[in-house]
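Structural description and commentary
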Amino acid sequence: MTKAPYLLLLAASAILLPACNRADRDPASEIAQVDTAADESAIRAINQRWLELIRNKDAAGIAQLYAEDGAVMPANEKATVGRQAIGEWWNRSMQMPGFDLTFQTDQLVMSKAGDMALDRGTYRFAATPAQGAISDTGKYVVVWRKIGDEWKVAADIFNSDLPAAGG
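Predicted model only: the values in this text are computed from it and were never measured.

Before going further, it helps to spend a moment on the overall build of the protein chain. Helix and strand counts for the protein chain come out as four helices and six strands. Each helix and strand of the protein chain, ordered N terminal to C terminal, gives the series α-α-α-β-β-α-β-β-β-β. Put simply, the protein chain has 167 residues, and 32% of those count as buried. Of the contacts made within the protein chain by residues no fewer than 6 positions apart, 52% connect residues no fewer than 24 positions apart. On the protein chain, roughly 10600 Å² of surface is accessible, and the fraction owed to carbon and sulfur atoms is 57%.

Here it is as structure tokens:
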């Protein structure tokens, strides 16, 4: 064998063998490493901001935490979709006399891709409308979506731990 064909074969192998290796790889393993600790920290900071906005009854500020197509899905009500409608929902809710709401994350699960997160926790709610005081505890799930460099609420669903009325 002369040197020229041997060198040509060697060069072709150097080009083709790595390509063959890539075909056997799992595409999920190709996902860039994400700093999930930083993302988790960012979401926890947004939750603290959210609690501050609730204390200040800042519905417009709360609405900005949601994605443009985000949704609030309370028990016994239709879903409210879209940032403007969500702001109006929060405004109506916080107008209730004695409105007080707190929540706490019990579990925060970050996606491997770093673009979604699931926040599961509990809440405590109280109000004093004319028809009588309300006190409630329950659970929630918030689905977070990373849009650009910002975490936004994609879906917010919650319901009471209390038995259903009449049950």
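On we go from here.
Another point: the environment of Phe99. Of note, Phe99 is situated in the loop between helix H4 (83-94) and strand S3 (100-110). Residue classification places Phe99 among the buried residues on the basis of a relative accessible area of 9%. Sequence separation between Phe99 and Ala127 is 28 residues; the distance between their C-alpha atoms is 4.4 Å. Look past the residues within four positions of Phe99 in its chain and what remains in contact with it is Ile54, Lys57, Trp90, Ser93, Met94, Phe125, Ala126 and Ala127.

Let us look at helix H2 (residues 36-55). The first and last C-alpha atoms of H2 sit 29 Å apart over 20 residues, in line with the 28 Å expected at 1.5 Å per residue. Within H2, the full set of buried residues consists of Asp39, Ile43, Ile46, Asn47, Trp50, Leu51, Leu53 and Ile54. For H2, the angular spread of the buried residues around the axis is 160°, confining them to a single face. In H2, those exposed residues whose orientation departs by more than 90 degrees from the buried face are Ala37, Gln48 and Arg55. After H2 finishes, the residue Lys57 shows a positive phi value of roughly 55°.

Let us now look at the pairing of strand S1 (residues 66-74). Where S1 lies against strand S6 (residues 150-160), five bridges are found, and the strand directions are parallel. Each bridged residue has a counterpart across the sheet, and for Pro74 the counterpart in S6 is Phe158. By the bridge criterion, two bridges tie S1 to strand S2 (residues 80-81) in an arrangement that is antiparallel. Note that in S2 the partner of Val72 across the bridge is Thr80. Counting the residues that bridge the hairpin from S1 to S2 gives five residues, and of these Asn76 lies at a positive phi of roughly 65°.

Okay, the sheet that holds S6 next. Remark on secondary structure: sheet strands pair via backbone hydrogen bonds, oriented parallel or antiparallel. Sheet architecture is open: six strands sit in the order S2-S1-S6-S5-S4-S3, paired in mixed fashion. The open sheet has two edge strands with one neighbour each: S2 and S3. Relative to S3, H2 is tilted by about 170°, and along the sheet it contacts S1, S3, strand S4 (116-127), strand S5 (134-147) and S6.

Attention shifts here to the packing of aromatic side chains. Enumeration over the complete set of coordinates arrives at nine aromatic pairs. Arranged with centres 5.7 Å apart and planes meeting at 75°, the rings of Trp50 and Tyr66 form a pair that is edge-to-face. Here Tyr66 lies in strand S1 and Trp50 lies in helix H2, a separation of 16 residues in the sequence. Tyr66 carries the same exposure label as Trp50, and that label is buried. Between Trp50 and Trp144, the aromatic rings sit 6.2 Å apart at their centres with planes inclined by 90°, giving edge-to-face as the arrangement. Of this pair, Trp50 sits in helix H2 while Trp144 sits in strand S5; the two residues are 94 residues apart in sequence, bridging distant segments of the chain. Each member of the pair Trp50 and Trp144 is classed as buried. Ring-pair connections join several aromatic residues into one group, and the members of that group are Trp50, Tyr66, Trp89, Trp90, Phe103, Tyr123, Tyr140, Trp144 and Phe158.

Definitions and cut-offs
Residues numbered from 1 in each chain as written. Predicted model: local features only at pLDDT ≥ 70, side-chain atom pairs only at ≥ 80, totals over all residues. Heavy atoms only, no water. Helix = DSSP H or I, 4+ residues; strand = E, 2+ residues; numbered from the N terminus. Buried < 20%, exposed > 50% of the residue type's maximum accessible area, 1.4 Å probe, protein only. Contact = heavy atoms within 4.5 Å. Areas by Shrake-Rupley, 256 points an atom, 1.4 Å probe, with all protein chains shown as cover. Expected span 1.5 Å × (residues − 1). Arc of directions from axis to C-beta. Pairing = 2+ DSSP bridges. Axes fitted to C-alpha atoms, helices over the stretch in contact; angles between N-to-C directions. Phe/Tyr/Trp six-rings, centres within 6.5 Å; stacked < 30°, edge-to-face > 60°.

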